[in-house]
Amino acid sequence: MQDKQGWSGRFGEPVAELVQRYTASVEFDRRLALFDIRGSLAHAQMLAACGIISAQDLSDIRRGMAQIENEIIIGDFVWLTELEDVHLNIEKRLIALIGDAGKRLHTGRSRNDQVATDVRLYLRHAIDELLDLIKSLQTALVDLAAHHTHTIMPGFTHLQVAQPVSVAHHLMAYFEMLKRDAERLADVRRRVNRLPLGAAALAGTSFPIKREMVAELLDFDGVCENSLDAVSDRDFAIEFGAAAALIMMHLSRLSEELILWMNPRIGFIDIADRFCTGSSIMPQKKNPDVPELVRGKTGRVNGNLVALLTLMKGQPLAYNKDNQEDKEPLFDTVDTLSATLRVCAAMMGGITVKPDAMRNAALQGYATATDLADYLVKKGLPFRDAHEAVALAVRYAEQRGCDLSDLGLDELKQFSDRIADDIYGVLTLEGSLASRNHTGGTAPQQVEAAIARARKYLLG
Ligand code: ARG
């Protein structure tokens, strides 16, 4: 019987077609093709350097791989399900093109260390692209924030008006989240960037290979130091999935706010038409579909993380075919996250802030009550007593249907005789903002400094 796949010599009958379809991965792992070729070329170079294959073999392999790479890029490569996966498809084509040298490429290697290498090369590349995309979104946030260090909105706790903040301050909170997200990805990258190749099937190889050389050729920081671990663990993909889920969670929170802010009952912002869609039945509708989808897609990224964790948890050492299931969740997470970051960055440029609506909302919720309490403390009243006095003042104003700043001095003095006419500076929204003048506070001066720091970070 002809050895089609490269392993069927041992078998007495061909694999059932049903099984072939069930076990094949080429439909999705062909995405690894160019990384697979890169890994193979480095492996071949090392084999030649160690005298395991000849210089002629190496040059044949390079020639064959160059052609295959070209075929793949222009879409001429014929992928066959019966050849199971990306590795066997490429190897078979190489053998067809160059003969025996192609058959020698797999010396001292197994698909187990090969696939682990491919996935790491792929993920490293993906992380680098994602880091750039995070920066683009951060830039868009900072650009919008820079226009709004003096635009006042209510800050919320429990989704109730709490204290006034600037729109810039609010947006810069997301800049900080994304900064941590980028740190996490960069940290994951360090552990992704280790070479499994050389572990072979599980125990290493009897050929005199130089793993460090392959690591260097492929820009890995080093090699995986235990062969069993190298071929079997996918923890690097899982921690990437966790970092990705955190990013999506942040973007989902941002989206939820944009959805709320665009609701006509709130009306804090408008999102440009190009980021919204209409309803097929209600002509008046303009729906914030993009942020809603960001919120929704967070679910699938979370799902992918759980899929990967579950995939790994029952596996004994070393490689098991279960690991073939790592790819689709991983690819889907990368695709979803990069599309989401891209669309969020673009959407930030389509947001129109409505300062009057924000200001009115801030004026309605006694947002400067804490400022009044702080004022009394500064005049010598213990904080708890000040809190109590202001609570009574708020109740009084509420009954009159007005703001604290609308009460006359005599009215205010009922709650504490320490109140004098300098109180009106404190009760304004601008006064409240300006007083929170320390690192991390919402005072325009501080937020401008935060924006300047952010711009410097983004250049780096
Ligand atoms: N397609 C496989 C995967 O994605 C490649 C490794 C297969 N190794 C094996 N011995 N069956 O994991």
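The preceding data block contains the structure.
The paragraphs below set out a description of the structure included in this document.

Criteria and thresholds
- Residues numbered from 1 in each chain as written.
- Predicted model: local features only at pLDDT ≥ 70, side-chain atom pairs only at ≥ 80, totals over all residues.
- Heavy atoms only, no water.
- Axes fitted to C-alpha atoms, helices over the stretch in contact; angles between N-to-C directions.
- Helix = DSSP H or I, 4+ residues; strand = E, 2+ residues; numbered from the N terminus.
- Parallel < 35°, antiparallel > 145°, perpendicular 65-115°, else oblique.
- Left-handed = near helix turned anticlockwise from the far one by under 90°.
- Contact = heavy atoms within 4.5 Å.
- Nonpolar A, V, L, I, M, F, W, Y, C, P; charged D, E, K, R; others polar.
- Phe/Tyr/Trp six-rings, centres within 6.5 Å; stacked < 30°, edge-to-face > 60°.
- Buried < 20%, exposed > 50% of the residue type's maximum accessible area, 1.4 Å probe, protein only.
- Lys NZ or Arg CZ within 6 Å of the ring centre and 35° of its normal.
- Near = heavy atom within 4 Å.
- Areas by Shrake-Rupley, 256 points an atom, 1.4 Å probe, with all protein chains shown as cover.
- 1 Å grid on protein atoms, 1.4 Å probe; cavity = no way out; pocket = protein on both sides within 12 Å on 5 of 7 lines; lining within 4 Å.
- Sits in = over half its atoms within 2 Å of the grid points.
- Points joined across faces, edges and corners; volume = space filled by probe spheres on them.
- Core = buried A, V, L, I, M, F, W, Y, C linked by side-chain atoms within 4.5 Å.

### Here we look at the packing of helix α8 (residues 167–192) against helix α11 (residues 235–262)
And step 1. Following both chains from N to C, one finds α8 and α11 inclined at 170°, their axes separated by 9 Å at the closest point. In terms of orientation, α8 lies roughly antiparallel with respect to α11. As for the relative orientation of α8 and α11, their crossing is left-handed in sense. When α8 is examined against α11, the residues His170, Tyr174, Met177, Leu178, Asp181, Arg184, Leu185, Val188, Arg191 and Val192 are found in contact with a partner set consisting of Phe236, Glu239, Phe240, Ala243, Leu246, Ile247, His250, Leu251, Arg253, Leu254, Glu257 and Trp261.
And step 2. Residue composition of the contact of α8 with α11, by class: 14 nonpolar, 2 polar and 6 charged.

### Focus: the packing of aromatic side chains
And step 1. All chains considered together, the criterion is met by 6 aromatic pairs.
And step 2. Considering the side-chain rings of Tyr122 and Phe331, the 4.8 Å spacing of their centres and the 70° angle between planes classify their relative orientation as edge-to-face. With a gap of 209 residues between them, Tyr122 in helix α7 (residues 111–146) and Phe331 in helix α13 (residues 327–348) connect regions that are remote in the sequence.
And step 3. Residue class for Tyr122 comes out buried when judged on its relative accessible area of 6%.
And step 4. Between the aromatic rings of Phe175 and Tyr457, the centroid separation amounts to 5.8 Å while the plane-to-plane angle is 80°, which identifies the pairing as edge-to-face. With Phe175 in helix α8 and Tyr457 in helix α20 (residues 444–459), this pair connects stretches of sequence that are 282 residues apart.
And step 5. Classification of Tyr457 as partly exposed rests on a relative accessible area of 27%.
And step 6. Within the aromatic cluster, the residues linked to one another by ring pairs are Phe35, Tyr122 and Phe331.
And step 7. When the ring centre of Phe11 is taken as origin, the NZ or CZ atom of Arg10, which lies over that ring, is 5.8 Å away.
And step 8. The ring centre of Tyr457 lies 5.3 Å from the NZ or CZ of Lys179, which sits over that ring.

### Notes on the site of the ligand
And step 1. Taken together, Ser25, Asp29, Asp85, His87, Arg111, Asn112, Val115, Tyr319, Gln324 and Lys327 make up the full set of residues near the ligand.
And step 2. The fraction of the free accessible surface of the ligand (340 Å²) that becomes covered by protein chains is 85%.
And step 3. Judged by the proximity of its atoms to the pocket grid, the ligand belongs to the second largest pocket.
And step 4. A total of 3 residues in the shell around the ligand trace back to one element, the largest contributor, which is α7.
And step 5. Taken together, the residues of the shell around the ligand break down into 2 nonpolar, 4 polar and 4 charged.

### Points about the layout of surface pockets
And step 1. Empty space within the largest pocket amounts to approximately 440 Å³.
And step 2. Considering the residues around the largest pocket, the lining is formed by 17 residues, among which Phe156, Leu159, His170, Glu257 and Trp261 are closest to the centre.
And step 3. Broken down by secondary-structure element, the contributors of at least two residues to the lining of the largest pocket are β1 (152–157), α8 and α11.
And step 4. Its residues assigned to classes, the lining of the largest pocket comprises 10 nonpolar, 3 polar and 4 charged.
And step 5. Here the second largest pocket is characterised by a volume of approximately 330 Å³.

### A few points about the nonpolar core
And step 1. With 106 residues, the main nonpolar core has Ile90, Phe240 and Ile269 as its most contacted residues.
And step 2. Per-element tally for this core: the top contributor is α7, with 16 residues.
And step 3. Those residues in contact with Ile90, other than ones at most four positions away along the chain, are Ala33, Asp36, Ile37, Met65, Ile68, Ile72, Phe77 and Trp79.
And step 4. Of all hydrophobic cores here, the second largest spans 22 residues; its members include Tyr366, Ala393, Ile419 and Ile423.

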